[in-house]
Amino acid sequence: MNTSSNATTTIVRHSGAYALDNYLTAGQGVKSWLLTTDHKRIGILYLWTILVFFLIAAVAAALMRIELLTPAGDLISSETYNKLFTVHGVLMVWFFLIPSIPAVLGNFVIPMMIGARDVAFPRLNLFSWYLFVAAGALALWSLIHGGVDTGWTFYTPYSTTYANSHVISMAAGIFVAGFSSIITGINFIVTIHKMRAPGLRWFRLPLFIWALYATSLILVLATPVLAITLALMSVERLWGVGIFDPKLGGDPILFQHLFWFYSHPAVYIMILPGMGVISELITCFSRKRIFGYAWVGCSSMAIAVLGFIVWGHHMFVSSQSIYAGMIFSLLSFLVAVPSGVKVFNWTATLYKGSITFQTPMLYALGFIGLFTIGGLTGLCVATLAVDVHVHDTYFVIAHFHYIMVGGMVMAFMGGLHYWWPKITGRLYPEFWGKLAAMITFIGFNLTFFPQFLLGYLGMPRRYHAYPPEFQMLNVLSTAGASILGVGYVLPLIYFLWSLKRGRLAGPNPWRATGLEWQTSSPPPVHNFEATPIATASPYLYDAEADRDLHMANA
Amino acid sequence: MDKFRLIPPQASTSAHQIDWLFIALVAIMLFFLISVFFPITWFAIKYRSGSDANRSNPSHGSNLIEISWTTLPIVLSVALFSWGAVAYYHIERPPPNALQVQIVGKQWMWKLQHAEGKREINELHVPLGQPVALTMTSQDVIHSFFVPAFRVKQDVVPGKYTSEWFKATQLGEYHIFCSQYCGTDHSGMIGRVVVMEPVAYQRWLTAGEGGESIVVSGRRLFLDRGCSGCHAVNSKFHTPLLEGLFDKPVPLSSGEIVKADEQYLRDSILLPGKQIAAGYDNIMPSYAGQLSEEEIMQLIAYLKSIGDKTSP
């Protein structure tokens, strides 16, 4: 295996140089960044912005894990603890996960993947980033002025009547961030419809594009409901208009319906783009065409549609009608099917491939493992009677972290490593990359697997203190989190290092087939010297030829 | 520290039901995990770059394969769904002969009262082998009454009555957790269920100050708070009589017909203008803010107790 990976790097090393005339050198200074309409630069602006939020939210998680080392709530007060899990949830969901792959990688590669010079509305794209920054500023303002203690779910009447914290400014931040999402979604939809290169028919599109198209539809259709919900919540909190608080004649369960009508589709906003990345990585690093292209592409659309009609599975014990619960349970089982189809197709793609295990592939394989566990445990929470027991326990925490972190963050890291040479023109150090990927995988499992056990044992979520019998599993989880932390800090260091010291990548270090790899690295301002023409399906890899090449090199 | 365990104590009939279902789910999860992890590992080794495995005639898709790995999960899904739904139906519907306990949640404690009148805070004594039904509401935010050893959980919602039931099968003390985040001291809103021999339970129930049963308290309120002044045969106002009302259909002035359940009675006391019985005027004053959640529950218990009587 060693000789073969050396052979691959030999090919990489001689495949090209650094393009001097590129989007990074096209303008200098802060102003050239803050006024840019280049989708590639906007992608990088998002990358820095979400990094800030990720770090804040990660510190909140670390403090919680340290507190949970002992059963007593002895390190921080329960008030602080409640604010920590709220800020962790709000920032991770709206200011990291939702924009992560779409706004960073999507912005950077969608136009290049479809052979376009930019997105359809470049100035709107920049405006969307400014909205996002304004939203983030509001969120940080509420954090600095004392934080919010409602949980990221803002359940009423706690959030409207009982919470003594900066609910309104935090909700306003999320409200504004929602508009940033909507605008980015519209931009992507129009771009994918109208700006594809000649010959790039729908069924020749890379699966990453299919995934982001489905994601954008959800962003545009679901996010307005979140805006309405938060607005109603604020109206009740500010002026005492009875909407959700029964003391004012409102219905607290109505809030949950509205909230999950957005937030369940939002779960798919947070995983579909990851699935798109994995389709790119699995094909490239196994030198194989994707198995069942149309099924993988259409399953993204099926997930997007079904994702809208399962929100009530968050409410099996809320006092919703038990018959409504039954409908939502059945539909929730069905939404698992297209996700399963994707996993099976990725697995089948490996068959007769010529597989290398560079960093992006390690993340992709890690994704499949963790996402599969996350998805399967989703069946437990979709099963009505079992959910009655595990609802609002650590079982649910573990389940959705396997999807959001084990899935989406692994995919984001895989995609970031994969496109890093395109973005910067330089390679990250492969050894450290592989090491970080493996540390992340191990640390993740050690952090979150014990939480499945804790949940079934009955430990409720959002508990600042807990009975002593839960301590051992909590200590394991905290130990895992510290390993996971190393797995996230390492890439931060070597990515920054590689900006100046990384080896030159050349236009196509992975010998990948996508259009984005047919232009120089870093790409020129308008992406392509001449508009590319698509003549065939994507992923025309040839594993047999690859084997022969390796045997010749050996 | 207790001995290490993978599942909580199985102390109710539901616990056994749910654990079997969970074990079946774990088996199915393992089946799918193996059917994904095994081929991935195998392919990753056999088709690693540089191996001389045969790669000729690769397949890029097959509708037959796709349809089969779409259909199999659907069939399994429907089976699991049905099992889960049947068990859920059982868990969600208390049997008619259950002992009644009324629970009011507030930040951050549980106030409980047995039908016989005995009150408790953050503790629930129950007899072994008898179904116990909890009728719950909250006087502030949403809470959730969770007993892991019984595998039951139900949100406790202000403005609404929710119910939960179990039949304890094992003596002992078990955790009560509030599992719906309810503010600062959420993790302190805990308590214990004590499962006792029926004889010991009876002794416990009648020991101490005892007090009056919920129905008697409700009747006292009905007289003291002026309800009986109007809802009576010789009332000078035209008002509905409440004997024989509970659980019966009530025609409303809007033309709708609703069932006179706990929720209807509660709304009629607090929001009398919301649903007006057909043939009557909207003359009843609201009792919102004048009765505690416990008192409303006692009144309803009294109205329930006269639900079988016919109006004089």
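How each quantity is defined
Residues numbered from 1 in each chain as written. Chains lettered and ligands numbered in written order. Predicted model: local features only at pLDDT ≥ 70, side-chain atom pairs only at ≥ 80, totals over all residues. Heavy atoms only, no water. Helix = DSSP H or I, 4+ residues; strand = E, 2+ residues; numbered from the N terminus. Buried < 20%, exposed > 50% of the residue type's maximum accessible area, 1.4 Å probe, protein only. Contact = heavy atoms within 4.5 Å. Lys, Arg positive; Asp, Glu negative; His and termini not counted. Charge placed at Lys NZ, Arg CZ, Asp CG, Glu CD. Patch = residues over 30% accessible without salt bridge, like charges linked within 9 Å, V, L, I, M, F, W, Y side chains within 5 Å. Areas by Shrake-Rupley, 256 points an atom, 1.4 Å probe, with all protein chains shown as cover. Salt bridge = Lys/Arg side-chain N within 4 Å of Asp/Glu carboxyl O. 1 Å grid on protein atoms, 1.4 Å probe; cavity = no way out; pocket = protein on both sides within 12 Å on 5 of 7 lines; lining within 4 Å. Points joined across faces, edges and corners; volume = space filled by probe spheres on them. Nonpolar A, V, L, I, M, F, W, Y, C, P; charged D, E, K, R; others polar. Buried area = accessible area lost by both parts, 1.4 Å probe. Polar contact = N/O pair within 3.5 Å; in protein donor to acceptor, adjacent residues only side chain to side chain. Domains from an automatic or database assignment. Axes fitted to C-alpha atoms, helices over the stretch in contact; angles between N-to-C directions. Parallel < 35°, antiparallel > 145°, perpendicular 65-115°, else oblique.

**Some thoughts on the overall build of chain B**
Moving on, step 1. The number of helices and strands found in chain B is 7 helices and 12 strands.
Moving on, step 2. Dimensions along the principal axes, computed over C-alpha positions, put chain B at roughly 100 × 55 × 35 Å.
Moving on, step 3. Going through the 312 residues of chain B one by one, you find that 49% of them count as buried.
Moving on, step 4. The contacts of chain B with a sequence gap of at least 6 include a subset with a gap of at least 24, amounting to 65%.
Moving on, step 5. In chain B, the 26 positive side-chain charges and the 28 negative ones have mean positions that sit 3 Å from each other.

**A closer look at a nonpolar patch on the surface**
Moving on, step 1. Taken together, the side chains of A:Val59, A:Leu63, A:Ile66, A:Leu69, A:Leu75 and A:Val475 define a hydrophobic patch exposed on the protein surface, amounting to about 460 Å² of accessible area.
Moving on, step 2. Element by element, the count of residues in the nonpolar patch is highest for helix α3 (residues 39–67) of chain A, at 3 residues.

**Section: the layout of surface pockets**
Moving on, step 1. Of the volumes computed, that of the second largest pocket is approximately 1,200 Å³.
Moving on, step 2. Among the secondary structure elements, those contributing two or more residues to the lining of the second largest pocket are α12 (322–350) of chain A together with β1 (99–106), β5 (131–138), β8 (162–167), α4 (214–224), α6 (262–270) and α7 (293–305) of chain B.
Moving on, step 3. Of the residues contributing to the lining of the second largest pocket, the split by class is 14 nonpolar, 11 polar and 8 charged.

**A closer look at the interface of chain B and chain A**
Often, the extent of an interface is quoted as the loss of accessible area upon association of its parts.
Moving on, step 1. Listed as interface residues are 87 residues of chain B and, on the opposing side, 95 residues of chain A.
Moving on, step 2. Regarding the contact of chain B and chain A, the summed buried area is about 7,900 Å², with carbon and sulfur atoms giving 70% of it.
Moving on, step 3. Among the residues of chain B in contact with chain A, B:Ser49, B:Tyr88 and B:Tyr181 are the three that bury the most area, contributing 10% of the side total.
Moving on, step 4. In this assembly, chain B and chain A are joined by 0 salt bridges.
Moving on, step 5. Taken together, the links from chain B to chain A amount to 25 residue pairs in polar contact (both at pLDDT 80 or more).
Moving on, step 6. When residues of the side of chain B that touches chain A are traced back to their parent elements, those giving at least two are α1 (13–46), α2 (63–92), β7 (152–156) and β9 (172–178) of chain B.
Moving on, step 7. Here the side of chain B that touches chain A gets 19 residues from one element, more than from any other, and that element is α2(B).
Moving on, step 8. Partitioned by chemical class, the residues of the side of chain B that touches chain A number 47 nonpolar, 26 polar and 14 charged.

**Let's talk about the environment of A:Leu457**
Moving on, step 1. Following the sequence through the fold, A:Leu457 ends up in helix α16 (residues 430–457).
Moving on, step 2. Exposure remark for A:Leu457: the relative accessible area of 10% places this residue in the buried category.
Moving on, step 3. Once you skip the residues sitting within four places of it in the chain, A:Leu457 turns out to touch A:Phe470, A:Leu473, B:Arg5, B:Leu6, B:Ile7, B:Pro8 and B:Pro148.

**A closer look at the domain arrangement of chain B**
All names here are of chain B.
Moving on, step 1. When the domains of chain B are assigned, the result is domain 1 (1–31 + 76–211) and domain 2 (214–305).
Moving on, step 2. Using C-alpha coordinates to define each centre, domain 1 is positioned 30 Å away from domain 2.
Moving on, step 3. Overall, the association of domain 1 and domain 2 removes approximately 1,200 Å² of surface from exposure, summing both partners, and the carbon and sulfur fraction of that is 52%.
Moving on, step 4. Taken together, the links from domain 1 to domain 2 amount to 1 salt bridge.
Moving on, step 5. In this structure, Lys111 engages Glu294 in a salt bridge whose closest nitrogen and oxygen atoms are separated by 2.9 Å.
Moving on, step 6. At the junction of domain 1 and domain 2, the tally comes to 6 residue pairs in polar contact (both at pLDDT 80 or more).
Moving on, step 7. When contributions to the side of domain 1 that touches domain 2 are tallied by element, the ones reaching two or more residues are β1, β2 (109–114) and β5.
Moving on, step 8. With 4 residues, the top contributor of residues to the side of domain 1 that touches domain 2 is β5.
Moving on, step 9. Looking at the side of domain 1 that touches domain 2 residue by residue, the classes come out as 5 nonpolar, 9 polar and 3 charged.

**A word on the side chain of A:Ser128**
Residues and elements named next belong to chain A.
Moving on, step 1. Locating Ser128 in the fold gives a position in helix α5 (residues 122–144).
Moving on, step 2. Given the relative accessible area of 0%, Ser128 is considered buried.
Moving on, step 3. If near-sequence neighbours (up to four positions away) are discounted, Ser128 is found in contact with Tyr46, Ser180, Ile183 and Thr184.

**So, the pattern of salt bridges**
Moving on, step 1. Taken as a whole and judged by the stated rule, the model has 14 salt bridges over all chains.
Moving on, step 2. Measuring nitrogen to oxygen at the nearest pair gives 3.7 Å for the salt bridge that ties A:Asp392 to A:Arg461. Of this pair, A:Asp392 sits in the loop between α14 (384–390) and α15 (394–424) while A:Arg461 sits in the loop between α16 and α17 (471–501), and the two are 69 residues apart along the sequence. One exposure class covers both A:Asp392 and A:Arg461, and it is buried.
Moving on, step 3. The partner of B:Glu262 in a salt bridge is B:Lys304, with the nearest N and O atoms 3.0 Å apart. Of this pair, B:Glu262 sits in helix α6 while B:Lys304 sits in helix α7, and the two are 42 residues apart along the sequence.
Moving on, step 4. When its relative accessible area of 32% is taken as the criterion, B:Lys304 is described as partly exposed.
Moving on, step 5. One salt-bridge network, held together by shared partners, links A:Arg287, A:Arg511 and A:Asp546.

**So, the packing of α15(A) against α16(A)**
Residues and elements named next belong to chain A.
Moving on, step 1. Direction vectors running N to C along α15 and α16 enclose 170°, while the axes themselves pass 7 Å from each other. Taken as axis vectors, α15 and α16 run roughly antiparallel relative to one another. Taking contact as the criterion, the partners of Tyr394, Phe395, Ile397, Ala398, His399, His401, Tyr402, Val405, Gly406, Met410 and His417 in α15 are, on α16, Gly433, Thr440, Phe441, Phe444, Asn445, Phe448, Phe449, Gln451, Phe452, Leu454, Gly455 and Tyr456.
Moving on, step 2. Broken down by class, the residue content of the contact of α15 with α16 amounts to 14 nonpolar, 9 polar and no charged.

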